[in-house]
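# Architecture at a glance
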Amino acid sequence: MTGNTGNTGNAGLSGDAGGGWFLPDRVDLPFVTELDPASNPISNQRRTQLAQFPRRSWSARWNAWLVLDEFADQAWKPPAKLALNAVLAAKKPDAQEIDDLVLAAQNERADAMGEILSQDVEFISDFMGLLTITPGSHPKTYRVLHIASLIGSFIALHFKGSKVDGYERVRPSQLCPALLPPVPVPGHASFPSGHSTQAHLMAGCIGYLLDQAALPQPDRDALTIDLGVLADRVARNREIAGLHYESDSKGGAALAASVLATLTNNNAAVPAGVVAMFDDAITEAIGEWP
């Protein structure tokens, strides 16, 4: 599992359309058998104005898949690969990176354990907590977070399995078993870090949203800086846990930056092409930030 992928049961997702509520019905007398005030079957009461499933009724999770489908057609891979190759070219030797992880496990893991455990499956709720929002208060912003999370997982997994030297990287705990991560080691390659990719893309997408919102500049700057620090912290916690090398985290951040440029149509290396559904999601979410 990579980052937020597959998450369904956390507090940050409560209220997500399509799940989270249970409506009991009487076995002996289902509601559909009731009569209206004129003693006609209530089942005869039908709406006529819903020609198609309303876009607003798409849950954040499933709406993100629609944006991913559109994004996948864009020419995002070449510039993203260049960004990742630059990180690999500058990284320290694996043995040195593992030595750093051993020190992190010794000196930082106990203090970081709470966040390591809570962020293992999902961290959308961390970003929502930082922004002091809920799915009910900012549903469109909530959608943007899901879009960033899903695309982040997709792009990270694409490169993890791309069969390119340096990308199908063995996990640090496979080389140094004594690191003994406190959470299950994901069943895919180490580079780039999925958590780092998702967290940095989430921070970048929300920062892009806030740049266009009607917020005072000091408020906007404070939130944008905090979002970046949170993304770094999510990535660092995976290193402390012994799941990722430092260069994995840097690769995720670089990958997120490249793909954010594609999503926002601000990447000179990508031919003309706009992810219109992402643009729509941002435009709708801007209105939630007066």
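Residues numbered from 1 in each chain as written. Predicted model: local features only at pLDDT ≥ 70, side-chain atom pairs only at ≥ 80, totals over all residues. Heavy atoms only, no water.

Before going further, it helps to spend a moment on the packing of helix α6 (residues 139-160) against helix α8 (residues 194-211). Interhelical geometry of α6 versus α8 gives an angle of 145 degrees and a closest axis separation of 8 Å. The hand of the α6/α8 crossing is right-handed. Of α8, the residues touching α6 (which contributes Thr141, Val144, Leu145, Ala148, Ser149, Ile151, Gly152, Ser153, Ile155, Ala156 and Lys160) are Gly194, Thr197, Gln198, Leu201, Met202, Cys205, Ile206 and Leu209. Grouping the constituent residues of the contact of α6 with α8 by class yields 11 nonpolar, 7 polar and 1 charged. (Axes fitted to C-alpha atoms, helices over the stretch in contact; angles between N-to-C directions. Helix = DSSP H or I, 4+ residues; strand = E, 2+ residues; numbered from the N terminus. Left-handed = near helix turned anticlockwise from the far one by under 90°. Contact = heavy atoms within 4.5 Å. Nonpolar A, V, L, I, M, F, W, Y, C, P; charged D, E, K, R; others polar.)

Tallied over the entire structure, the rule returns 12 salt bridges. Two residues, arginine 233 and glutamate 115, come together in a salt bridge whose shortest N-O distance is 2.7 Å. Of the two residues, arginine 233 sits in helix α9 (residues 217-240) while glutamate 115 sits in helix α4 (residues 109-118), which places them 118 residues apart along the sequence. Residue class for arginine 233 comes out partly exposed when judged on its relative accessible area of 46%. The residue arginine 236 makes a salt bridge to glutamate 239 at a minimum N-O spacing of 2.8 Å. Note that arginine 236 and glutamate 239 are positioned in helix α9 at a spacing of 3 residues, about one turn of the helix. (Salt bridge = Lys/Arg side-chain N within 4 Å of Asp/Glu carboxyl O. Buried < 20%, exposed > 50% of the residue type's maximum accessible area, 1.4 Å probe, protein only.)

With that settled, the discussion passes to the packing of aromatic side chains. Per the stated rule, a full pass over the model turns up 7 aromatic pairs. When the centroid spacing of 6.0 Å and the interplanar angle of 85 degrees are considered together, the rings of tryptophan 76 and phenylalanine 159 count as edge-to-face. With tryptophan 76 in the loop between α1 (60-71) and α2 (77-90) and phenylalanine 159 in helix α6, this pair connects stretches of sequence that are 83 residues apart. Of the two residues examined, tryptophan 76 and phenylalanine 159, each falls in the buried class. (Phe/Tyr/Trp six-rings, centres within 6.5 Å; stacked < 30°, edge-to-face > 60°.)

Classification of glutamate 239 by relative accessible area gives buried; the value is 6%. For glutamate 239, the side chain forms a polar contact with the side chain of serine 249, separated by 2.6 Å. Every residue in contact with glutamate 239, bar those within four places of it in the chain, is listed here: Leu101, His244, Tyr245, Glu246 and Ser249. (Polar contact = N/O pair within 3.5 Å; in protein donor to acceptor, adjacent residues only side chain to side chain.)

Further remarks concern helix α11 (residues 276-286). All of the buried residues along α11 are Phe278, Ala281, Ile282, Ala285 and Ile286. Projected down its long axis, α11 carries its buried residues within an arc of 135 degrees, all on one side. (Arc of directions from axis to C-beta.)

So, about the nonpolar core. Looking at soluble globular proteins, one finds that nonpolar side chains tend to be buried together. Grouped together as the largest cluster of nonpolar side chains are 56 residues, with contacts concentrated most on Phe127 and Ile151. Every element with two or more residues in this core is listed here: α1, α2, α5 (124-131), α6, α8, α9, α10 (246-263) and α11. In terms of residue count, the dominant contributor to this core is α6 (9 residues). Discounting chain neighbours no more than four positions away, the residues touching phenylalanine 127 are Leu145, Ala199, Met202, Ala203, Leu227, Leu230 and Ala231. (Core = buried A, V, L, I, M, F, W, Y, C linked by side-chain atoms within 4.5 Å.)

As a further point, take the environment of valine 144. Relative to the helices and strands, valine 144 resides in helix α6. Residue classification places valine 144 among the buried residues on the basis of a relative accessible area of 1%. With residues up to four places along the chain from it excluded, the contact list for valine 144 reads Cys205, Ile206, Leu209, Ala281, Ile282 and Ala285.

Let us now look at the environment of isoleucine 206. Note that isoleucine 206 resides in helix α8. When the C-alpha positions of isoleucine 206 and valine 144 are compared, they lie 7.4 Å apart, and in sequence the two are 62 residues distant. Dropping the residues within four chain positions of it, isoleucine 206 is found in contact with Leu131, Thr141, Val144, Leu145 and Leu227.

Attention shifts here to the side chain of aspartate 120. With respect to the helices, strands and loops of the structure, aspartate 120 is situated in the loop between α4 and α5. We classify aspartate 120 as buried; its relative accessible area is 17%. At a separation of 2.9 Å, a polar atom in the side chain of aspartate 120 contacts the side chain of arginine 238.

Here the bond from phenylalanine 191 into proline 192 is cis, since omega is -10 degrees, no more than 30 degrees from zero. Tracing the backbone through its elements, the reader meets proline 192 in the loop between α7 (172-175) and α8. Positioned with a positive phi, leucine 180 is a non-glycine residue whose angle comes to about 35 degrees. Examined against the element boundaries, leucine 180 turns out to sit in the loop between α7 and α8.

For the rest of this paragraph, the subject is the packing of α1 against α6. For the pair α1 and α6, the least separation of the axes is 8 Å and the interaxial angle reads 50 degrees. Taken together, the axes of α1 and α6 lie oblique to each other. Where α1 crosses over α6, the two elements pack in a sense that is right-handed. Only Tyr142, Arg143, His146, Ile147, Leu150, Ile151, Phe154 and Ile155 of α6 make contact with α1, whose side of the interface consists of Ala60, Arg61, Asn63, Ala64, Trp65, Val67, Leu68 and Phe71. (Parallel < 35°, antiparallel > 145°, perpendicular 65-115°, else oblique.)

Read these as spatial facts, not as claims about activity.
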